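A closer look at the structure
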Amino acid sequence: MEDFIYVSEETLRSFCVSALKKCGMDNDDASTMSDVLVTADKWGINTHGVRNLYGYLQKKEAGGVSFTEKPQEIVSLPSLSVIDANNCMGYISSAYAMDIACNKAKENGIAISIVKNSSHNGAIGYYANMAAARGMIGFATTNVDKKMGIPGAKGIVMGHNPFAMAAPAESIPSIILDISSSNVASLKVLRAKDNKEEIPDNWISDKNGLPTTDPSNYPDEGALLPFGNHKGYGVALFIEIITSVITGMAPSTSDSVKSWCFDMDEPNNVCHAFIAINPVLIDTEGIFKDNVDKLIDDIHKSPKADGTDRITVPGERMWDNYQKAEEKGIKLSRDIISELDKISEKFDMNYIEREDKQL
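These remarks concern the structure in this document. Keep in mind that this is a model prediction, so the values were computed, not measured.

Right, let's talk about the overall build of the chain for a bit. The number of helices and strands found in the chain is 10 helices and 14 strands. Expected size for 359 residues packed as a compact globule is a radius of gyration near 21 Å; at 20 Å, the chain falls within 12% of this value. Considering only C-alpha atoms, the chain reaches an extent of 55 × 50 × 50 Å along its principal axes. Counting the 359 residues in the chain, one finds 50% classified as buried. The contacts in the chain between residues at least 6 apart in sequence include a share of 68% that link residues at least 24 apart. Summed over its atoms, the accessible surface of the chain is roughly 16,600 Å², and 49% of this surface lies on carbon and sulfur atoms. With 36 positive and 51 negative side-chain charges, the chain shows a spacing of 1 Å between the two charge centroids.

Now for the environment of Ser254. Position of Ser254 among the secondary structure elements: in the loop between helix H7 (230-247) and strand E13 (270-277). C-alpha separation for the pair Ser254 and Lys146, spaced 108 residues apart in sequence, amounts to 8.1 Å. A distance of 3.2 Å separates a polar atom in the side chain of Ser254 from the backbone nitrogen of Ser256.

In this section: the nonpolar core. One finds Met33, Val50, Leu57, Met89, Tyr127, Leu332 and Ile343 to be the most contacted residues of the largest nonpolar core, which totals 67 residues. One finds Ala192, Ile199, Ile204 and Ala236 within the second-largest nonpolar core, a separate group that totals 13 residues.

We now examine the packing of aromatic side chains. Aromatic rings in a pair are described by how distant their centres are and how their planes are angled relative to each other. Within this structure, the stated rule accounts for seven aromatic pairs. The interplanar angle of 80 degrees and the centroid separation of 5.4 Å between the aromatic rings of Tyr56 and Tyr91 together place this pair among those described as edge-to-face. Residue Tyr56 is found in helix H3 (residues 53-62), and its partner Tyr91 is found in helix H4 (residues 90-108); the two are separated by 35 residues along the sequence. Taking 4.5 Å as the distance between ring centres and 35 degrees as the angle between the ring planes, the aromatic pair formed by Tyr56 and Trp260 counts as tilted. Residue Tyr56 is found in helix H3, and its partner Trp260 is found in the loop between H7 and E13; the two are separated by 204 residues along the sequence. Of the two residues examined, Tyr56 and Trp260, each falls in the buried class. Grouped by ring-pair contacts, the aromatic residues Trp43, Trp319 and Tyr322 constitute a single cluster. One residue, Lys331, lies across the ring of Phe4, its end atom 4.4 Å from the ring centre. Sitting over the ring of Phe347, Lys346 keeps its end group 5.7 Å from the ring centre.

On to the packing of helix H2 (residues 27-42) against H4, then. Where H2 meets H4, the closest approach of the two axes is 9 Å, and the angle between their N-to-C directions is 90 degrees. What the angle tells us is that H2 and H4 run roughly perpendicular. Listed contacts from H4 to Asp29, Thr32, Met33, Val36 and Leu37 of H2 are Tyr91, Ile92 and Ala95. Considered class by class, the residues forming the contact of H2 with H4 number six nonpolar, one polar and one charged.

Once their charged atoms are close, side chains differing in charge can pair, the charge on each being opposite to the other. Counted according to the given criterion, the structure contains 19 salt bridges. Measuring nitrogen to oxygen at the nearest pair gives 2.7 Å for the salt bridge that ties Lys42 to Glu9. Here Lys42 is found in helix H2, whereas its partner Glu9 is found in helix H1 (residues 9-22), with 33 residues between them in sequence. Overall, Lys42 belongs to the buried group, its relative accessible area being 1%. Between Lys70 and Asp26 there is a salt bridge, with its nearest N and O atoms 2.5 Å apart. Taken together, the residues span a long stretch of sequence, with Lys70 in the loop between H3 and strand E2 (72-77) and Asp26 in the loop between H1 and H2 at a distance of 44 residues. What you see here is one network of salt bridges that share partners, running through Glu9, Arg13, Asp35, Lys42 and Glu326.

The next point concerns the pairing of strand E9 (residues 174-179). Two elements, strand E8 (residues 163-168) and E9, share six bridges in a ladder whose sense is antiparallel. Bridged to Ala167 within E9 is Ile175. The turn linking E8 back onto E9 is made up of five residues.

Scoring rules and cut-offs
Throughout this document, residue positions are counted from 1 along each chain, in the order its sequence is written. Given that the model is predicted, a residue must reach a pLDDT of at least 70 before its local features are reported, and side-chain atom pairs must reach 80 or more before they are shown or counted; all residues, however, enter totals for whole chains, interfaces and linings. Only hydrogens and water are set aside when side-chain values are computed; all heavy atoms of the structure are taken into account. Working definition: helices are DSSP H or I runs of at least four residues, strands are E runs of at least two. Numbering for both runs from the N terminus. Radius of gyration: C-alpha atoms only; globule rule: 2.2 Å multiplied by the number of residues to the exponent 0.38. When accessible area is computed with a 1.4 Å probe and restricted to protein chains, residues below 20% of their type maximum are described as buried, those above 50% as exposed, and intermediate ones as partly exposed. In what follows, residue pairs with any heavy atoms lying within 4.5 Å of each other are defined as contacts. With residues, only the protein chains shown are counted as cover, and all accessible areas are computed by Shrake-Rupley using a 1.4 Å probe. Asp and Glu are treated as the negative residues and Lys and Arg as the positive ones, with His and the ends of the chain left uncounted. Note on charges: their place is set at NZ of Lys, CZ of Arg, CG of Asp or CD of Glu. Within 3.5 Å is the distance limit for a polar contact, defined as a pair of N or O atoms, with the added protein rule that one can donate a hydrogen and the other accept it, and that residues adjacent in sequence qualify only through two side-chain atoms. The nonpolar core is taken to be a set of buried Ala, Val, Leu, Ile, Met, Phe, Trp, Tyr and Cys residues, with the residues joined through side-chain atoms within 4.5 Å. Pairing of aromatic side chains here covers Phe, Tyr and the six-membered ring of Trp, requires ring centres within 6.5 Å, and sorts the geometry by plane angle: under 30 degrees stacked, over 60 edge-to-face, intermediate tilted. By definition, being over a ring means that NZ of Lys or CZ of Arg is both within 6 Å of the ring centre and within 35 degrees of the ring normal. Orientation is described by axes fitted as lines to C-alpha atoms, over the contacting stretch for helices, and by angles from 0 to 180 degrees between their N-to-C directions. Just so you know how the angles are binned, under 35 degrees is roughly parallel, over 145 roughly antiparallel, 65 to 115 roughly perpendicular, and the rest oblique. Residues were grouped as follows: Ala, Val, Leu, Ile, Met, Phe, Trp, Tyr, Cys and Pro as nonpolar; Asp, Glu, Lys and Arg as charged; and all remaining residues, including Gly, as polar. Just to be clear on terms, a salt bridge is a Lys or Arg side-chain nitrogen sitting within 4 Å of an Asp or Glu carboxyl oxygen. Think of it this way: DSSP has to see at least two bridges between two strands before they count as a pair.

Put into structure tokens, the structure is as follows:
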């Protein structure tokens, strides 16, 4: 037997919504947040899916985030919004901000929404894809608490600030690039640490600033390594500028930006930025998505390296996973189920009649 089970999307969504509502979140916000969590698992991004729900509930109980506050647009111009999240869940402020950006881009071609006083917002690609689902090009980014080193420095210096871009297509729902400025997400290192596994030597540095395959002392010692060394560092730096610095908030290089999962009783203090570009106002012939498909086709037809059976564009494997989840249900490992069980026990919620299934 494999070490996972399948759960229906409807069951998982209902469970997440119920748990969030039991902790004071209204139905609309609970539905929004649950959609982001469940979509991440359908895409196969399990590090940012429902496994984190119990942690968010703990943070709310500890007073580090509000489940009842609402994001507020404090600056509104034809192509610009500035939004105060009021320490609500980042899922809520991020969906709100991208929706505003898309609405303004529909009329004006391009728009940006910048969010301050927010918290962890999960899979950043979800928000970029909100724009793609409306026929637009989307960009989404956020600063995060510092976990990453930089070239020439020893120890943690700044956030491994992630970003995502998405564009609509015809042959697949969208191209999606969703990456952090580090070589790997922190949660993957922590998972390897919990499982007592070695990691690739380009994931983290040790206490001396040197690459290591041992995650056992992370995050107390060492730091995540930026992708491409100076390249990832430079990207993270400019993300900081268009999120925290431009809004007057403390950057991740300070101690004011807190971890959503380690500093449970303190606000996260992160900032986000979202851009939507409306190709309809540029591509007057209405062939933008056809041209995206031609680009995808050119990539697919590239000569394959020895041992390669398929060349893909960013996001294509995510949509493969999504389709499998539509057909079979959402595949969850037992460690994720154990996190959901904690919620079940806490609220006496019998969320699923479980039956092990093999692939």
